[in-house]
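# A closer look at the structure
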Amino acid sequence: GAEIVCQSQLGGVITSGGGFSNLYTAPSWQAASIANWKATFTSTTTPYPGYNLVGRGYPDVAAMAANYPIIVNGNQSIVYGTSCSTPVMAAMISLVNAARKAQGKGSVGWVNPALYSLNRSIILNDIVSGNNKCVAGASVCCSQGFYAAKVNDRILDNVSWMFPFWLCIL
């Protein structure tokens, strides 16, 4: 089936995060992405008043963070969250850098601007369904939150990476 944002009210143990900084302005390399996202607003998907929609959007990247099987002391467990997705992203960046080194190139460097400069439709599958309006466990759901959209969105970055293409482009 189609991928959706990890949402606790739909059975996910966690809910995807993301938003805008109240301390830092959006860097220039995020400007087009944020403008494209704002253009998707409808009467039902416009963020609740009070969000700083000119702040730096976060996160820049994301990865699947639910239902990761791990082995601990010989026993399999299923885990969730940033502690799953962060090592996956780091591993992919390491593989890109290894491939670049094998080609006599330098490392990709600071990956954030590099990723925003790419044709994202080639390297990712944009997740366009879901929201982050409930806390983990769905014990509290609010009218506030962000909706996934057909662009770089603030449940952000709700994508699944098509790594073979990413490896070739970077």
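Just above, that's the structure.
Reference entry: report on the structure contained in this document. All chains use their own residue numbering, which begins from 1 and follows the written sequence. Local features in this predicted model are restricted to residues whose pLDDT is 70 or higher, and side-chain atom pairs enter the listing and the counts only when it is 80 or higher, whereas totals over whole chains, interfaces and linings include all residues. For side-chain calculations, the full set of non-hydrogen atoms in the structure is used, while hydrogens and water are omitted.

### Details of the side chain of serine 21
Elements are defined by DSSP. Helices are runs of H or I of four residues or more, strands are runs of E of two residues or more, and each kind is numbered from the N terminus. With respect to the helices and strands, the residue serine 21 is situated in strand β1 (residues 19-25). Partly exposed residues are those whose accessible area sits between 20% and 50% of the maximum for their type, while under 20% is buried and over 50% is exposed, using a 1.4 Å probe and protein chains only. Overall, serine 21 belongs to the buried group, its relative accessible area being 13%. In this structure, serine 21 is in contact with Asn52, Gly55, Arg56 and Tyr58, ignoring residues within four places of it in sequence. Whether two residues touch is decided by their heavy atoms; if any such pair falls within 4.5 Å, the residues are in contact.

### Considering the state of the cysteines
Disulfides are defined in this document as cysteine sulfur pairs within 2.5 Å. If you walk through the whole model with that rule in mind, you get 1 disulfide. There is a disulfide in this structure between cysteine 134 and cysteine 141, and the S-S distance comes to 1.8 Å. Since a negative S-S torsion denotes a left-handed disulfide, the cysteine 134-cysteine 141 link at about 110° is right-handed. For cysteine 141, a relative accessible area of 45% translates into the label partly exposed. The structure places no disulfide on cysteine 142, whose sulfur is separated from the nearest cysteine sulfur, that of cysteine 141, by 7.3 Å. Overall, the relative accessible area of 38% leaves cysteine 142 in the partly exposed class.

### Quick look at the nonpolar core
Among buried residues, the Ala, Val, Leu, Ile, Met, Phe, Trp, Tyr and Cys ones that are joined through side-chain atoms within 4.5 Å form a nonpolar core. Ranked by internal contacts, the top residues of the largest apolar core, which has 13 residues, are Leu115, Leu118, Trp166 and Leu170. If you list the elements that add at least two residues to this core, you get α2 (82-102), α3 (111-117) and α5 (163-169). Apart from residues no more than four positions distant in its own chain, leucine 170 is found in contact with Val96, Arg100, Val108, Ala114, Leu115 and Leu118. Core analysis: the second largest hydrophobic core is formed by 5 residues, Phe20, Ile34, Trp37 and Ala149 among them.

### A short note on the packing of aromatic side chains
Stacked, tilted and edge-to-face are the three classes applied to pairs of Phe, Tyr and Trp rings, where Trp contributes its six-membered ring and a pair requires centres within 6.5 Å; stacked means planes under 30 degrees apart, edge-to-face means over 60, and tilted covers the rest. Evaluated as defined, the whole model comprises 5 aromatic pairs. Considering the side-chain rings of phenylalanine 20 and tryptophan 37, the 5.4 Å spacing of their centres and the 40° angle between planes classify their relative orientation as tilted. Pair noted here: phenylalanine 20 is in strand β1 and tryptophan 37 is in helix α1 (residues 31-38), with a separation of 17 residues, a long-range link. According to the relative accessible area criterion, phenylalanine 20 is buried, its value standing at 9%. Members of the aromatic cluster, each reached through a chain of ring pairs, are Phe20, Trp37, Phe41 and Phe146.

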